[in-house]
Amino acid sequence: MAFLKTQERTKERFSLLLLDLEEYYFEQHTAYHVPSSFKKDQRRTRGSFKVCSRSIIFEPDDLAEPILKIPLRDCQKIEFVEEGKNPFNDPRPPAVSVSCEQVIYIKESNVLAPYRNERGSKQLTFHLEVWSKTEDVVQTLLQLHRASRLEKLGDQTAMIAANLQSRLARASFDKNYFQQVTERPHMECAVEMVTPLVSNPGHVCITDENLYFQPLNGYPVSRRAACGSSLSNISGSYNFSWQEHVIQIKLHSVRRIYKRRHGLRPLGLEVFCTENDFCSDIYLKFYSTTDRDDIYFYMASFLENHVTEHTADGYMLQWQRGHLSNYQYLLHLNNLADRSCNDLSQYPVFPWVIADYTSTQLDTTSAATFRDLSKPVGALNRERLEQLLARYQGMPEPRFMYGSHYSSPGYVLFYLVRVAPEHMLCLQNGRFDHADRMFNSIAETWKNCLEGATDFKELIPEFYGSDCSFLKNKLSLDLGRRQNGRLVGDVVLPPWASDPSDFLQKHKAALESQYVSEHLHEWIDLVFGYKQKGDEARAAHNVFHPLTYEGSIDCDSIGDPDERIGMLTQILEFGQTPTQLFTSPHPQRITPCVPNITRSPSVNSPGGELSPASQNEDSSFEDLTEESRKLAWANMGTLSRISSHKIHKETVTGIAVTQDGAAVFSTSQDSTLKMFSRELKDFQRSMSFSNMALSSCLMLADGKTVACSSWDNNVYFYSVPYGRRQDTLMGHDDAVSEIRWFDDRLFTASWDSTVKVWQCASDGSSSHKRSEFQLLAELEHDAGVNTISLNPAGTLLVSGCKDGAVSIWDTSTHKVLQQIRCHTGTVHHTAFSPDSRHILSVAADSCMKVIDVQTGMMISHVKAEEEQRCFYWDGNSVLCGGQSGDLLLWDLLSSTVTKRIPAHSGAVTAMWMNDLCTTVITGGEDRQMILWKLQS
């Protein structure tokens, strides 16, 4: 379970869940409940008298006796009755006398059941065991009674808050609870420990070794009592300790810390001592954002050496590559999006994935078995959707399609009522829901989500876990009788599940199935991504009530306290949309199994080996679909040699191809640019610009000009139609190592430790005329720049240097975004993934490293047996040219070589791949150029 386990029956029957929502438990006293017509032979009931912010609770020691709850708003009079001093009678202790109109009886005969409310005038008398405290307790109760009888809720809340802050100010953390006498305290402040539906005020103290929380009221006195039902998945005593009145967490055991929104305000802090559990070790709500941030930054600085920074993009790459399951990835996204198992208004949300709850066998190979993950629950039923759209069109602004949310406290406890009955009773004022509205059947619940006018709820993580107790009525709760006469018992399972354990096992297998893996990104777009709000949300029929969205309203700006509290209560009870994590389409998971898509005949067409858009190719070739690229990469292991040609006298350094695929240009350390004709299968032209080596070449967008970089510090431009040098750019103080071109801008990398950005303004339309180059920017590095690459949009540039550093630059501002020293040798090659989220780099240290663009975090590290000199990749698979001369196909999911293809007799030094990833050309130290093609 996420946060609940079945609670064992103990003598500690009291729970903070017996309080009203937003109520505080202040203090307790041992006392005796005395019957109103007390006689000597009558038995007084001994128990615990608890003073709460809105009620008096008396918990008898006798388990057969009910717990009494007296709401202060229903009290007519509370008074102090002085002790009797008649010398002829036994002394009579002072008493707390309460006259009230309602008493609530809880756990009668120690049975967990709906509360019994008894109305009518009553007189209750309590004798405190410590007589001297009686008058003080009465004064406290009178103050709280006055608050509860105020007409406005805002005034009530303010008066209670003042009482609470006064108590907190008079107390402090007891440093006798420090584990070591040498501990140095850093900071102490008042906070509340948050558990589902409950907040317990106290003091937090952080030292150089531990984080402590001490409740103001001394509660909980045991780990189990923390929230009525015990938290699960809490780490062992090595990192988490519950002393008699103090919670202790060792800082060196903390693995994750998150800032949280609590009550729509940035006041929460959640601490985890595990990497993958989403149930935290403690959740604290601060009264000041400054206090919260001070403790957060202190812990972050303490942990920076052994705690990995977690980002949505980092988890995304791990998920794409198969290092995280779908279940784990969704848990992490929920965590990052402010969802917490301690906050039922922001409980983690999981999707319905199965649509078949009637078959006797679950066929996970059929798409019909699954729910359409590209649509919200409200849009799955076309007929209902049309009705909702009609209402939406006629609605005044702000318009919304769905009047209820997909996640709310009520929905969470709808699913968990069998293991969290006290939470349900707390949420619903001591009552369970009507029997026919309970979670009776999985199939019925799914049907109602499809057809109900106001039911659009998703699932919770428990449906994909291993604890099936939430599907069983193990506590033998009396949850009522349905209209068909049946008692509400265990949840009715679909026919394909033999028992609850089998259901969870098959349900989780469905979540990890290939279909869901291929479509889960669509659901992520709706809940955590770019379709969550705005025009994309409207287009996807994913528009909920405005109050559910983060930042939709600033409750602190509402002047009227009653209105502010009412608005906050409405938002928290209605449900909240997760924090938006992605603002662009989420990439699809790279799954090892690729659909059997019919290969386009143009791939094998005679004229289409090299050209990305050859005139001889079928028109479908012009539509460079992502599906065809995916298919090509899935078959990259079938790469076969078409022809090889030795046309240079030294190492090949660069390869470029004309748009029609008719000619291939190559540069070499022999200082020549050579043109190879595909038709003649031989080189046609040779051009030498100087006696220094050429380091790279590229074809400009006009298709008529080849640019070449040289070790003589220059860049040369060669006109293909006129067969001669067109222009020369002298711009560096050392060898130009690589060049890139995008939208009339030239990027030149050099061993002089700079990358220069040039604007090209041609003085005529003909390609043979000279161009003027204006220097726009000079990107400084600490060492010689050996390689550069642009992302597909041309907005980012990555550079790799001789000192092993990789830098990411913004091409519009020319400012460095990230600088990562990730290699110990010269960086040979770097490139962005197709979605621009990640960078792959290879270097002389034989390492391949994947870097997250947004955070600069190194996400993956692969140590190869040999240097990888050049490569192409799709974000998961990598085709590398190795030092040995072989082509190696790497699978980054498993960090293994899946195919080794013999190629050159020396290191592979240059590589070109067409847009459809079906044709490859390589060059090497053996002076050869080899043409490769995928086989059908």
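Residues numbered from 1 in each chain as written. Predicted model: local features only at pLDDT ≥ 70, side-chain atom pairs only at ≥ 80, totals over all residues. Heavy atoms only, no water.

Draft legend 1. A look at the nonpolar core. By size, the foremost hydrophobic cluster in this structure holds 104 residues, and its most contacted members are Y329, W352, F439, F463, L471, W523 and I524. In terms of residues, this core owes the most to one element, helix α11 (residues 514–527), which gives seven residues. Grouped together as the second largest cluster of nonpolar side chains are 29 residues, I56, L128, V138 and A190 included. (Core = buried A, V, L, I, M, F, W, Y, C linked by side-chain atoms within 4.5 Å. Buried < 20%, exposed > 50% of the residue type's maximum accessible area, 1.4 Å probe, protein only. Helix = DSSP H or I, 4+ residues; strand = E, 2+ residues; numbered from the N terminus.)

Draft legend 2. Structural context of the UniProt feature "repeat: WD" (unreviewed entry) in the protein. The positions that UniProt labels "repeat: WD" (unreviewed entry) are, in the present scheme, residues 729–759, 778–819, 820–861 and 901–936. Helix and strand shares over residues 729–759 are 0% and 68% respectively, and the end C-alpha atoms of the span are 12 Å apart. (UniProt positions renumbered as here; feature names shortened; annotations may be inferred.)

Draft legend 3. Here's a closer look at the sheet that holds strand β42 (residues 919–924). The strand order across the open sheet built from four strands is β16-β43-β42-β41, with neighbouring strands paired in antiparallel fashion. Where the open sheet ends on each side, the last strands, each with one partner, are β16 (640–646) and β41 (908–913). On average, each strand axis in the sheet is tilted by 20° relative to the strand beside it, whichever way the strands run. As paired elements, β16 and strand β43 (residues 928–933) share six bridges and run antiparallel to each other. Each residue of the ladder has a partner; that of R641, found in β43, is W932. (Pairing = 2+ DSSP bridges. Axes fitted to C-alpha atoms, helices over the stretch in contact; angles between N-to-C directions.)

Draft legend 4. Main features of a negative patch on the surface. Where like charges cluster on the molecular surface, the negative patch consists of D733, D734, E778 and E780. With respect to the helices, strands and loops of the structure, D733 is situated in the loop between β24 (724–730) and β25 (736–742). (Patch = residues over 30% accessible without salt bridge, like charges linked within 9 Å, V, L, I, M, F, W, Y side chains within 5 Å. Areas by Shrake-Rupley, 256 points an atom, 1.4 Å probe, with all protein chains shown as cover. Salt bridge = Lys/Arg side-chain N within 4 Å of Asp/Glu carboxyl O. Lys, Arg positive; Asp, Glu negative; His and termini not counted. Charge placed at Lys NZ, Arg CZ, Asp CG, Glu CD.)

Draft legend 5. Representation of the packing of helix α1 (residues 134–148) against helix α2 (residues 153–170). Running from N to C, α1 and α2 cross one another at 150°; their axes reach a closest spacing of 7 Å. One finds that α1 runs roughly antiparallel with respect to α2. Counting all contacts with α1, which are made through T140, Q143, L144, R146, A147 and S148, the residues of α2 involved are Q156, M159, I160, N163 and R167. Grouping the amino acids of the contact of α1 with α2 by side-chain chemistry returns four nonpolar, five polar and two charged. (Parallel < 35°, antiparallel > 145°, perpendicular 65-115°, else oblique. Contact = heavy atoms within 4.5 Å. Nonpolar A, V, L, I, M, F, W, Y, C, P; charged D, E, K, R; others polar.)

Draft legend 6. Structural view of the sheet that holds strand β31 (residues 805–810). Pairing within the open sheet is antiparallel, and its four strands lie in the order β29-β30-β31-β32. Of all the strands in the sheet, the pair left with one neighbour each is β29 (785–790) and β32 (815–821). Put simply, the sheet's adjacent strands are angled 20° from each other on average, direction ignored. In this sheet, strand β30 (residues 796–801) lies alongside β29 in antiparallel orientation, the contact comprising five bridges. Of the residues in β30, the one forming a bridge with T787 is G800.

Draft legend 7. Looking closely at helix α5 (residues 326–336). Extensive coverage of α5 is indicated by the burial of 10 of its 11 residues. Summarising the contacts, the buried residues of α5 are in contact with β13 (256–262), β14 (265–272), α4 (312–320), α10 (500–511) and α11. Just past α5, the residue D338 takes up positive phi, approximately 75°.

Draft legend 8. Layout of the environment of A147. Tracing the backbone shows A147 in helix α1. Sequence separation of A147 and T157 is 10 residues, and the distance between their C-alpha atoms is 7.8 Å. If sequence neighbours within four positions are ignored, A147 has contacts with Q156, M159 and I160.

Draft legend 9. How the structure looks around the packing of α5 against α11. For the pair α5 and α11, interaxial distance at closest approach is 11 Å and the crossing angle is 15°. In terms of orientation, α5 lies roughly parallel with respect to α11. By crossing handedness, the relation of α5 to α11 is classed as right-handed. Facing α5, whose interface residues are N326, Y329, L330 and L333, α11 presents V516, S517, L520, W523 and I524. Tallied by class, residues from the contact of α5 with α11 come to seven nonpolar, two polar and no charged. (Left-handed = near helix turned anticlockwise from the far one by under 90°.)

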